[in-house]
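One letter stands for each residue in the lines below.
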Amino acid sequence: MTGWMDHLTIAPIVIPLLAGAMMMLIDERRRPLKAALGLASTVALLVVAVTLLRIADGAPPEAGAAAVRMYRLGDWPSFLGIVLVLDRLAALMLVLTAILGLAALVFSLARWQKAGAHFHPLFQFQLMGLNGAFLTGDLFNLFVFFEIMLAASYGLALHGSGLARVRAGLHYVAINLAASLLFLIGVSVIYGIAGTLNMAELANRIATVAPEDRALLEAGAAILGIAFLTKAGMWPIGFWLPNTYSTVSAPSAAIMSILSKVGIYAVLRLWLLMFGGSAGASAGFAGNWLLIGGVLTIVFGSVAVLATQSMARLAGACVLVSSGTLLAAVGMGQVAVTGGALFYLTSSVLAIAGFFLLIEPLERSREVGADVLAVTRAAFGEDDEEPDEDDEVGIAIPAIMAILGVSFGACALLLAGLPPLSGFLAKFAMLAPLLALDTSGDAGVSVTAWVLLAALILSGLATVVAMTRTGIDVFWASPGNELPRVRVVEIAPVVLLLSLCVALSVGAGPVMRYMEATAQSLHVPQDYVRMVLPPPPAEPGAGDGR
Amino acid sequence: MELILALGIGVLTGSGVWLLLRPRTFQVIIGLSLLSYAVNLFIFSTGGLRTGAAPVLQQGTAGDLSTYADPVPQALVLTAIVIGFATTALFLVLLLAARGLTGTDHVDGREKDR
């Protein structure tokens with residue numbers, strides 16, 4: 001591999017950092033220049049991310065090894081210095097971030113970039129924080145990138161200002177500051193016991209921790225986990241999520257749909273690395289908690305989905321359902337289920353982001369308070385005034401409503417997990433291994449598998465009901481008010497995200513193979529550890545890259 | 001020294017949590033600040049407490065963890081202080097904006113019905 005290709009690993013952090021820093025210097029009035037810079041940076045990110053994904057997937061399949069690439073900042077040996085680590089999971093998350101970033105940025109060009117100051121730099125820093133969190137191989141840097149990501153997200157959450165946003169933003173910031181403090185406590189407890197912050201080194205040392213220190217280490221990991229799960233929105237600490245996500249501007253909400261997945265990513269990465277099979281007495285620590293918390297989150301999210309009256313809150317509740325599903329699937333601790341969960345993560349992140357972007361154009365065609373009115377009508381059986389049927393005959397559906405309608409339908413199918421789109425495939429990929437135990441295991445399908453199965457199916461049902469109700473209210477309402485005016489740059493990202501989901505369903509075979517390889521290398525992290533910490537006799541410089 | 005530090009962290013955390021749960025935004029921000037002081041002290045203590053140890057290396061002695069203070073928690077604490085400072089400042093701005101927009105300093109943006 002050529003020299004500059006080795007440095008490609010750090011590009012997802014450096015590109016948005018430079019772009020954002022340059023934007024800070026440009027006068028706020030020269031917005032087209034900033035927008036062009038932002039677009040260029042995001043497109044470059046996408047190209048880099050896809051390249052990295054190809055590199056990460058380029059491992060010889062016969063070895064079954066994770067192609068782990070390590071990048072040592074400052075070229076210190078990895079047990080001393082800070083490292084960035086690229087593996088399949090990180091590459092997947094990078095690609096997702098870049099896609100969402102591009103979609104949200106293009107969407108914002110229509111209106112939102114003008115709604116307040118410094119939208120573009122904040123957006124770039126947000127991308128930088130996300131990418132850094134996915135790439136870092138070091139607990140404390142994870143904290144630093146979390147904070148960069150959150151600080152930018154505070155700005156984006158408040159973008160456009162307004163009473164509701166400031167109210168919800170106040171809660172969002174306070175909760176995340178408290179969670180960051182828990183993060184710090186967890187990190188320092190782990191450092192105090194294990195004496196290292198490098199994740200790979202940590203995985204090595206965890207088995208040899210003295211028995212009297214083990215409880216303290218597990219307590220530290222649990223505190224750390226609470227910080228991550230707050231971000232992911234696990235019940236009962238995810239109460240802030242629907243409120244915040246429903247008030248923020250559409251592009252911010254779209255990028256925030258992956259923000260909640262950072263918590264899932266961190267759990268997936270650290271839990272499997274630290275408490276995987278090689279962890280000695282701590283193996284599988286707290287797995288049941290993830291499972292129970294996940295299922296409770298699904299239940300809570302489903303109730304929220306049914307109870308909600310506005311589309312934005314519906315989308316927020318869908319984030320909760322998706323988080324819960326992922327946590328429960330990870331908590332099962334089986335390779336095949338994790339593979340399905342990764343597929344679900346990809347599909348649901350794209351779908352939810354698409355839904356967030358779709359809501360805003362849809363809301364434009366409706367009068368204020370239409371949601372509440374519709375629910376009241378449904379509850380009290382009060383009929384609409386009869387439309388004058390003769391006039392309605394033969395009116396063609398306006399093209400824009402058709403596009404919006406089809407997109408909404410696709411979102412509903414994806415979120416509810418109905419065939420033929422990728423949401424169904426993802427749920428199937430998670431559920432099939434759970435039920436497949438029936439044939440191999442002697443005890444049949446376990447109770448937990450049945451519970452998870454029921455939760456997944458029922459949450460899908462709740463989503464179908466809620467989405468259908470909303471769809472009827474939005475699209476089958478009597479026309480009369482003028483059509484929403486939607487610009488191409490607003491509908492194009494939605495179509496892009498949803499067609500990516502279609503592509504996921506069509507190309508499910510290769511994608512699923514990638515996900516299974518990812519899950520495999522996550523559950524057997526020896527390759528990760530070996531690449532990050534080359535054995536001592538290795539000559540300097542041999543550890544990085546291939 | 002351990003006792004004093006532990007008591008200090010405990011008192012700071014206790015007051016911080018209590019203030020965090022209060023309904024006024026100013027109390028919340030003071031609570032968060034107290035909590036972050038407690039956390040900073042806590043991080044500092046994970047390196048082990050020593051009096052009069054060399055910061056990194058003492059002249060003429062070999063590097064050994066038992067003779068000098070662990071520098072990593074100090075670096076961590078420095079970073080945590082900086083980040084905590086920035087986020088607290090950001091929260092302060094938000095607090096002022098919320099006060100201006102809602103006309104009240106209640107955390108929910110509206111006074112509870114009496």
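Here the structure is a predicted model, which is why all the values come from computation and not from measurement.

*Asks:* Quick question: what am I supposed to make of the overall build of chain A here?
*Replies:* When helices and strands are counted, chain A shows 22 helices and 2 strands. Taking all 546 residues of chain A together, the buried fraction comes to 58%. Long-range pairs, those at least 24 residues apart, make up 80% of the contacts in chain A between residues at least 6 apart in sequence. Carbon and sulfur atoms make up 68% of the accessible area of chain A, which amounts to about 21000 Å² in all.

*Asks:* Is there a simple way to explain the overall build of chain B in this structure?
*Replies:* Helix and strand counts for chain B come out as 3 helices and 0 strands. Helices (α) and strands (β) of chain B occur, in sequence order from the N terminus, as α-α-α. Going through the 114 residues of chain B one by one, you find that 32% of them count as buried. Within chain B, contacts between residues at least 6 apart in sequence are counted, and of these 54% link residues at least 24 apart. Side chains of chain B give 7 positive and 7 negative charges; the mean places of these two sets differ by 13 Å.

*Asks:* Explain helix H21 (residues 508-523) of chain A here, please?
*Replies:* For the α-helix, the turn length of 3.6 residues means that residues three or four positions removed from each other point alike. For H21 of chain A, with 16 residues, the first-to-last C-alpha span of 22 Å sits near the 22 Å given by 1.5 Å per residue. Taken together, the buried positions of H21 of chain A are Ala508, Met512, Tyr514, Met515, Ala517, Thr518, Ala519, Ser521, Leu522 and His523 of chain A.

*Asks:* Got a minute to help me understand the side chain of Ser459 of chain A in this structure?
*Replies:* Note that Ser459 of chain A resides in helix H19 (residues 447-475). Its relative accessible area of 0% is what places Ser459 of chain A among the buried residues.

*Asks:* Looking at this structure, I do not really get the confidence of the model for chain A. What am I missing?
*Replies:* As a note on interpretation, predicted positions should not be read in detail where pLDDT is low. Summing up the model confidence of chain A, the mean pLDDT is 83 and the portion of residues at 70 or higher is 86%. Confidence drops under a pLDDT of 50 for residues 61-66 of chain A, and excluding neighbours within four residues, the segment shows 8 contacts in the predicted structure.

*Asks:* How should I be thinking about the packing of helix H14 (residues 335-364) of chain A against helix H17 (residues 399-416) of chain A in this particular structure?
*Replies:* For any two helices packed against each other, one specifies the crossing angle of their axes together with the interaxial distance. All names here are of chain A. Put simply, H14 and H17 touch, their axes get as near as 9 Å, and they point 145° apart. The two elements H14 and H17 cross, and the hand of that crossing is left-handed. Between H14 and H17, the residues in contact are Ser347, Ala351, Ile352, Gly354, Phe355, Leu358, Pro361 and Leu362 and Leu404, Ser407, Phe408, Cys411, Leu414 and Leu415, respectively. Partitioning the contact of H14 with H17 into residue classes produces 11 nonpolar, 3 polar and no charged.

*Asks:* Explain the packing of aromatic side chains to me, please; I cannot follow it from the model alone.
*Replies:* One pair of aromatic rings is described through two measures. These are the centre distance and the angle between the planes. All names here are of chain A. Scanning the entire structure with this criterion turns up 15 aromatic pairs over all chains. Where Phe140 meets Phe143, the ring centres are 5.5 Å apart and the plane angle is 40°; that geometry is what we call tilted. Linking Phe140 with Phe143, this pair stays in helix H6 (residues 139-157), spanning 3 residues, or about one helical turn. Across this residue pair, the class does not change: Phe140 and Phe143 are buried. Judged by centre distance (5.3 Å) and plane angle (80°), the ring pair of Phe146 and Phe183 falls under edge-to-face. Of the two residues, Phe146 is situated in helix H6 and Phe183 in helix H7 (residues 163-194); the sequence distance between them amounts to 37 residues. Judged on exposure class, the residue Phe146 and its partner Phe183 are both buried.

*Asks:* Help me out: how do you make sense of the environment of Leu92 of chain B in this one?
*Replies:* All names here are of chain B. By the element assignment, Leu92 lies in helix H3 (residues 71-102). Residue Leu92 is classed as partly exposed on the basis of its relative accessible area of 39%. Sequence separation between Leu92 and Gly47 is 45 residues; the distance between their C-alpha atoms is 32 Å.

*Asks:* Hey, could you run me through the confidence of the model for chain B in this one?
*Replies:* All names here are of chain B. Counting all residues, the mean pLDDT for chain B is 86, and 91% of those residues have values of 70 or more. Mean pLDDT across the secondary structure elements of chain B bottoms out at H3, with 89, and peaks at helix H1 (residues 2-20), with 94. With pTM at 0.88, the complex prediction returns an ipTM value of 0.91.

*Asks:* Explain the pairing of strand E2 (residues 82-86) of chain A to me, please; I cannot follow it from the model alone.
*Replies:* Each regular strand carries side chains that alternate between the two faces of the sheet. Residue and element names in this part refer to chain A. Of all 5 residues making up E2, 4 are buried, and the element is well covered by its neighbours. As judged from the 5 bridges shared by strand E1 (residues 69-73) and E2, these two strands associate in the antiparallel manner. Across the sheet, Leu73 pairs through a bridge with Ile82, a residue of E2.

*Asks:* Just checking my understanding: could you explain the pattern of salt bridges for this structure?
*Replies:* Any two side chains of opposite charge can pair if their charged atoms end up close together. All names here are of chain A. Evaluated as defined, the whole model comprises 7 salt bridges over all chains. Asp87 is the partner of Arg269 in a salt bridge, and the nearest nitrogen-oxygen pair spans 2.8 Å. On the criterion of sequence distance, the pair formed by Arg269 in helix H11 (residues 250-274) and Asp87 in the loop between E2 and helix H4 (88-108) is long-range, its members being 182 residues apart. The residues Arg269 and Asp87 share a single accessibility class, namely buried. Residues joined in a network through salt bridges with shared partners are Asp57, Arg88 and Arg513.

*Asks:* Explanation requested: the environment of Asn243 of chain A in the structure shown.
*Replies:* Residue and element names in this part refer to chain A. Tracing the backbone shows Asn243 in helix H10 (residues 240-247). For Asn243, a relative accessible area of 33% corresponds to the partly exposed category. Those residues in contact with Asn243 that sit more than four places away from it in its chain are Ala168 and Arg313. Among the polar contacts made by the side chain of Asn243, one reaches the side chain of Arg313 at a distance of 3.4 Å.

*Asks:* Could you clarify how one ought to interpret the interface of chain A and chain B in this entry?
*Replies:* Often, the extent of an interface is quoted as the loss of accessible area upon association of its parts. Across the boundary between the two partners, chain A contributes 27 residues, which contact 30 residues of chain B. Both sides of the chain A and chain B interface together cover about 2400 Å² of buried area, and 83% of this is carbon and sulfur. A per-residue breakdown of the area chain A buries against chain B is headed by Arg167, Leu170 and Tyr191 of chain A, which together make up 25% of the total. At the junction of chain A with chain B, the criterion picks out 3 residue pairs in polar contact (both at pLDDT 80 or more).

*Asks:* How should I be thinking about unusual backbone geometry in this particular structure?
*Replies:* Glycine aside, residues mostly have negative phi angles, and peptide bonds mostly take the trans form. Residues and elements named next belong to chain A. In this chain, Trp235 is followed by Pro236 through a cis amide linkage whose omega measures 0°. Along the chain, the position of Pro236 falls in the loop between helix H9 (211-232) and H10. The phi torsion at Ala286 lies on the positive side, around 65°, for a residue other than glycine. Within the element layout of this structure, Ala286 appears in the loop between H11 and helix H12 (287-307). Note on Ala286: relative accessible area 28%, which makes it partly exposed.

*Asks:* Looking at this structure, how should I read the side chain of Arg69 of chain A?
*Replies:* Relative to the elements of secondary structure, Arg69 of chain A occurs in strand E1. Of note is the side chain of Arg69 of chain A, whose polar atom sits 3.3 Å from the side chain of Thr9 of chain A.

What counts and how
- Residues numbered from 1 in each chain as written.
- Chains lettered and ligands numbered in written order.
- Predicted model: local features only at pLDDT ≥ 70, side-chain atom pairs only at ≥ 80, totals over all residues.
- Heavy atoms only, no water.
- Helix = DSSP H or I, 4+ residues; strand = E, 2+ residues; numbered from the N terminus.
- Buried < 20%, exposed > 50% of the residue type's maximum accessible area, 1.4 Å probe, protein only.
- Contact = heavy atoms within 4.5 Å.
- Areas by Shrake-Rupley, 256 points an atom, 1.4 Å probe, with all protein chains shown as cover.
- Lys, Arg positive; Asp, Glu negative; His and termini not counted.
- Charge placed at Lys NZ, Arg CZ, Asp CG, Glu CD.
- Expected span 1.5 Å × (residues − 1).
- pLDDT = per-residue confidence, 0-100.
- Axes fitted to C-alpha atoms, helices over the stretch in contact; angles between N-to-C directions.
- Left-handed = near helix turned anticlockwise from the far one by under 90°.
- Nonpolar A, V, L, I, M, F, W, Y, C, P; charged D, E, K, R; others polar.
- Phe/Tyr/Trp six-rings, centres within 6.5 Å; stacked < 30°, edge-to-face > 60°.
- Pairing = 2+ DSSP bridges.
- Salt bridge = Lys/Arg side-chain N within 4 Å of Asp/Glu carboxyl O.
- Polar contact = N/O pair within 3.5 Å; in protein donor to acceptor, adjacent residues only side chain to side chain.
- Buried area = accessible area lost by both parts, 1.4 Å probe.

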